[in-house]
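Structural overview for review
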Amino acid sequence: MANSNIFFHSDLNSNTQFVVGLALCTLGAIASPEMARDLASEVERLIKSPNAYIKKKAALCAFRIIRRVPDLMEMFLPATRSLLTEKNHGVLITGVTLITEMCENSPDTLNHFKKIVPNLVRILKNLILAGYSPEHDVSGVSDPFLQVKILRLLRILGKNDAEASEAMNDILAQVATNTETSKNVGNTILYETVLSIMDIKSESSLRVLAINILGRFLLNNDKNIRYVALNTLLRTVHVDTSAVQRHRTTILECLKDPDVSIRRRAMELSFALINGQNIRAMMKELLSFLERSDAEFKAHCSSAMVLAAERYAPSSKWHLDTLFQVLLKAGNYLRDDTVSNTIQIVSAAPGERQAYASMRLWTSLERSALSADATEKQPLIQVAAWTIGEYGDMLVSEASNAISMVDDDGVDDFTRPTEEYVIDIYQKLLWSTQLSITTKEYLLLSLAKLSTRFTTRGGQDKIRVIIDTFGSHIHIELQQRGVELSQLYKQYAHLRPALLERMPPMEASTATERERDDSDTETEQPLTNIQTEQNPLLDLINGSELLANGDVEHTPIAPTNNNSNTNVTECVVRALERNGVLVELCAVRGGDTATLTMRARSHAASTISDFLFQAAVPRTFRLDMMSPSGTVLTPQGEITQVLKITNPSKTPLRLRIRVSYSIDGNPILEQAEVNSFPPDLFN
Amino acid sequence: MMQFMLLFSRQGKLRLQKWYVAHPDKLKKKITRELITTVLARKPKMCSFLEWKDVKVVYKRYASLYFCCAMEQEDNELLTLELIHRYVELLDKYFGSVCELDIIFNFEKAYFILDELVLGGELQETSKKNVLKAIAAQDLLQEEETPQGFFEDHGLG
């Protein structure tokens, strides 16, 4: 490297300009940090050369050197300023490039160069106003390369600077109005101007002008210009949404462009433009785009639509309709979470909507089953199966006739199916070899649910036959499901109606309000079973409720002896209170070891048996549990148990507890975390 | 700033490459191969821009040759098209209605012209006349420095 630098030194000092030029060219292309440091002073000297040929090359070398080693910028500053006073366009453009790099490099230099704004404006003005100069003319535009470079530097200088922006407002307006737009060159300059107008603190009229230029671009025949316009609109849409909104129809038109890159931009831009007012119209366009779009768009487009629908849905009916349309049109490209989201929305909807959903989805399900394209739309089948399974009774019932099934186009294509027909369609789908296992699982469970929704004898038998066939299915998961569900027809038949109850709305924590309308003792049993199973789950969801249970009851009981020197104090923490069982922990300090006494009291009406209290502490603690005073809690009775906790690190105590017991033979499991012990428990 | 420029034929043969960023040879080969395949796969109806990795690729086809430039994000795509056009004009002026064979056999001239137009990835001269003048002067210099019959004497003529 040292050797090659010697050659550089001699070449850079050559008398032949072309030898110097070649050396600069090589340096500019390589510009390794070592070279840059070694040769920077030579380059700086050459910038000051009177020869324009060498000057411009040296300026670009300096640009590369600064990009490689930013610390070297300082030494070039004095020579750079004078580059702008040159007449030669080569020197001017390289000078502007160099200054641009310097300004992007450090905010101080940016401030230093703010004062050149008038110079730049003058150069630009001369370019526009000067007559035809054959040397720099490109199809009627005077040196577009230089114009673009200056516009870009103006943008950097005017950003977040009202004064500088003010100084360039006029010239930007002039460029924007005076530039010939029939050729690519003119549009190149306009494009750069628009970018500058949007980036600096420009007047609002100028911004409107800029957006209108982009609007014109969108209508241009040249696809490159359309692409650039969409790209720029996408960048500016967050600055001035309302101005971009005016070109909405043109943007939507671009969704039909033959060029895939343009379609992609148009799609992204459309999503950026959606708001509460235009959601209906936009979604309509986007739905038809989704239908005919390529596979690569479908996933992205559908999830963006689902998000937009959720955010701006004008009504819940519209929301559901849109979701179903997306399901229908995106087919298998839909992301998985959309299925669960849609199911959740259906489950949280009012009853009438649920009936509507099941009827709508039935139409789609029936159609896909008959036209054998169900394999292409598995997410739709899954949602449809879930919904029909849950609300199948409303689907077949005449009572739902009141619900209007007329869609946006004024067509009512819903015919109420008979129970047996629904089951036939299910059978067709379940026996198809193409559907995925997940979809079949949805269908099978849904069918089992339908057995409690449907009333006719014939239907029941059919369902039973179908379920039984799955007992020997080749796939283990489906087979197991088949066997389990068949059991619900045999010795556990009494459990079936309750087990296959309608799911509660998924959002709310309404399991506690589950109606136990059936006083039948046979169904009482499974119901409570479900409840106990759900409790740990609910605890996870209802974090707040759990917290409330473990909350502090910070009542330090007055020390038994009032001697302030003794640090034996006592405090009681309420750890858990549910189903009439209250668990309190009474802590007594004692240096490294604290003694906790667990007291469980019952206010329940019946006797609680098999009471078991368990506790866990972090690893740094040691926990010794004594045996409890008993396992049976009579009403108003009490069980106590002593825990000794040793904590050499004296960190605050965190305790996890788990209480299990049974009321009237129903096992119950509760968990809680108790963090509300006084922090100075171990002192 | 331009990161690199590639010229390749419709058959995917690389005719000219100029790199303004340092990459190991292996990576250059990989980039070239991938980019040529991507560009050739695009249909004529599509626009000339391609977002490819972290660069904006601007390409244009002239007869059987693709001119392909990799630009940075903040560069003006439309101006790059003008730059490519300028280069083609210069080649055309220099060779006199340039064709692919001119570039294959006189690749060093094609490089010289590019070096007079672009330096370190940025445009250095906006006047066509100046570029051609510089090239002509350098050609002259080369002729003067090479003694008459030098190549012939060494059996290279």
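Residues numbered from 1 in each chain as written. Chains lettered and ligands numbered in written order. Predicted model: local features only at pLDDT ≥ 70, side-chain atom pairs only at ≥ 80, totals over all residues. Heavy atoms only, no water.

For the rest of this paragraph, the subject is the overall build of chain B. Along chain B, the regular secondary structure elements total six helices and seven strands. Counting helices and strands in the order they occur from the N terminus, chain B gives β-β-α-β-β-β-α-α-α-β-β-α-α. Sorting the 157 residues of chain B into buried and exposed places 54% on the buried side. For chain B, the share of sequence-separated contacts (at least 6 apart) that also reach a separation of at least 24 residues comes to 48%. (Helix = DSSP H or I, 4+ residues; strand = E, 2+ residues; numbered from the N terminus. Buried < 20%, exposed > 50% of the residue type's maximum accessible area, 1.4 Å probe, protein only. Contact = heavy atoms within 4.5 Å.)

The next subject is the overall build of chain A. Summing up its helical and strand segments, chain A has 29 helices and eleven strands in all. Of all 683 residues assigned to chain A, the portion counted as buried reaches 52%. Of all intrachain contacts in chain A linking residues separated by at least 6 positions in sequence, the fraction that spans at least 24 positions is 65%. By element, 51% of the accessible surface of chain A is carried by carbon and sulfur atoms, the whole surface being about 30800 Å². (Areas by Shrake-Rupley, 256 points an atom, 1.4 Å probe, with all protein chains shown as cover.)

A separate point is the interface of chain A and chain B. Contacts between chain A and chain B engage 47 residues on the former and 38 residues on the latter. Carbon and sulfur atoms make up 56% of the area that chain A and chain B hide from each other, which totals about 3900 Å². On inspection of chain A and its partner chain B, the count reaches eight salt bridges. Notably, a salt bridge pairs A:Arg152 with B:Asp75, separated by 3.9 Å at the nearest N-O pair. For the pair chain A and chain B, the number of links is 19 residue pairs in polar contact (both at pLDDT 80 or more). Those elements that place two or more of their residues in the side of chain A that touches chain B are α2 (17-30), α4 (52-68), α6 (89-105), α9 (144-158), α11 (184-199), α13 (223-236) and α16 (260-273) of chain A. A total of eight residues in the side of chain A that touches chain B trace back to one element, the largest contributor, which is α4(A). (Buried area = accessible area lost by both parts, 1.4 Å probe. Salt bridge = Lys/Arg side-chain N within 4 Å of Asp/Glu carboxyl O. Polar contact = N/O pair within 3.5 Å; in protein donor to acceptor, adjacent residues only side chain to side chain.)

Moving on: the environment of B:Ile84. Residues and elements named next belong to chain B. Looking at where Ile84 falls in the secondary structure, it is placed in helix α2 (residues 77-95). Judged by relative accessible area, which is 0%, Ile84 ranks as buried. Between the alpha carbons of Ile84 and Met5 there is a distance of 9.6 Å; along the sequence they are 79 residues apart. Not counting the four nearest positions on each side in its chain, Ile84 is found in contact with Val58, Tyr62, Phe67 and Cys69.

This part takes up the sheet that holds strand β3 (residues 49-52) of chain B. Backbone hydrogen bonds are what pair the strands of a sheet, in a parallel or an antiparallel way. Residue and element names in this part refer to chain B. The strand order across the open sheet formed by five strands is β2-β1-β5-β4-β3, and the pairing between neighbours is antiparallel. In this open sheet, the two edge strands, each paired with only one partner strand, are β2 (14-19) and β3. Recorded for the sheet is a direction-independent mean angle of 20° between the axes of neighbouring strands. As paired strands, strand β1 (residues 2-9) and β2 are joined by five bridges and run antiparallel to one another. Note on β2: the bridge partner recorded for Phe4 is Trp19. Seen against the sheet, helix α4 (residues 107-117) touches β1 and β2 and runs at an angle of roughly 35° to β2. (Pairing = 2+ DSSP bridges. Axes fitted to C-alpha atoms, helices over the stretch in contact; angles between N-to-C directions.)

Let us now look at the sheet that holds strand β7 (residues 608-616) of chain A. Residue and element names in this part refer to chain A. With antiparallel pairing, three strands are arranged side by side in an open sheet as β7-β10-β11. Each end of this open sheet is capped by a strand with a single partner; those strands are β7 and β11 (666-674). This sheet shows a mean twist of 15° between the axes of neighbouring strands, independent of strand direction. Both strand β10 (residues 655-663) and β11 contribute to a ladder of nine bridges, which runs antiparallel.

Across chain A, pLDDT averages 82, with 90% of residues at or above 70. The element-level mean pLDDT for chain A is lowest in helix α29 (residues 543-549) of chain A, coming to 36, with α9(A) highest at 94. (pLDDT = per-residue confidence, 0-100.)

This next bit is on the side chain of B:Lys109. All names here are of chain B. Structurally, the position occupied by Lys109 is in helix α4. Judged by relative accessible area, which is 14%, Lys109 ranks as buried. Among the polar contacts listed, one links the side chain of Lys109 to the side chain of Asp139, at a separation of 2.8 Å.

All right, on to the packing of α2(B) against helix α5 (residues 128-145) of chain B then. Residues and elements named next belong to chain B. Here α2 crosses α5 at 45°, and the two axes come no closer than 11 Å. Considering the angle they form, α2 stands oblique to α5. In the crossing of α2 with α5, the sense of the turn from one axis to the other is right-handed. Along the contact surface, α2 presents Arg86, Glu89, Leu90, Lys93 and Tyr94, while α5 presents Lys128, Val131, Leu132, Ile135 and Asp139. By residue class, the composition of the contact of α2 with α5 is five nonpolar, no polar and five charged. (Parallel < 35°, antiparallel > 145°, perpendicular 65-115°, else oblique. Left-handed = near helix turned anticlockwise from the far one by under 90°. Nonpolar A, V, L, I, M, F, W, Y, C, P; charged D, E, K, R; others polar.)

Quick look at the packing of aromatic side chains now. In the structure shown here, the tally under the stated rule is 13 aromatic pairs over all chains. Taken together, a centroid distance of 5.8 Å and an interplanar angle of 55° make the contact between A:Phe289 and A:Phe297 tilted. Note on accessibility: A:Phe289 and A:Phe297 belong to one class, buried. Between B:Phe8 and B:Tyr66, the aromatic rings sit 5.4 Å apart at their centres with planes inclined by 15°, giving stacked as the arrangement. Highlighted residues: B:Phe8 in strand β1 and B:Tyr66 in strand β5 (residues 65-71), separated in sequence by 58 residues. Under the relative-accessibility criterion, B:Phe8 is labelled buried at 0%. Taken together, the aromatic side chains of B:Phe8, B:Tyr59 and B:Tyr66 make up a single cluster linked through ring pairs. The positively charged end of A:Arg496 is found above the aromatic ring belonging to A:Tyr489, 4.2 Å away from the centroid. (Phe/Tyr/Trp six-rings, centres within 6.5 Å; stacked < 30°, edge-to-face > 60°. Lys NZ or Arg CZ within 6 Å of the ring centre and 35° of its normal.)

Where nonpolar side chains cluster on the molecular surface, the patch consists of B:Leu101, B:Ile104 and B:Phe105 and spans about 300 Å² of accessible area. In this fold, B:Phe105 is placed in helix α3 (residues 100-105). (Patch = residues over 30% accessible without salt bridge, like charges linked within 9 Å, V, L, I, M, F, W, Y side chains within 5 Å.)

Under the defined criterion, the tally for this structure stands at 49 salt bridges over all chains. With a closest N to O distance of 2.7 Å, B:Glu122 and A:Lys149 form a salt bridge. Here the residue B:Glu122 occupies a position in strand β7 (residues 122-123), and A:Lys149 occupies one in helix α9, the pair thus bridging two chains. Each of the two residues, B:Glu122 as well as A:Lys149, counts as buried. Close ionic contact of A:Glu584 with A:Arg601 constitutes a salt bridge, the shortest N to O distance being 3.1 Å.

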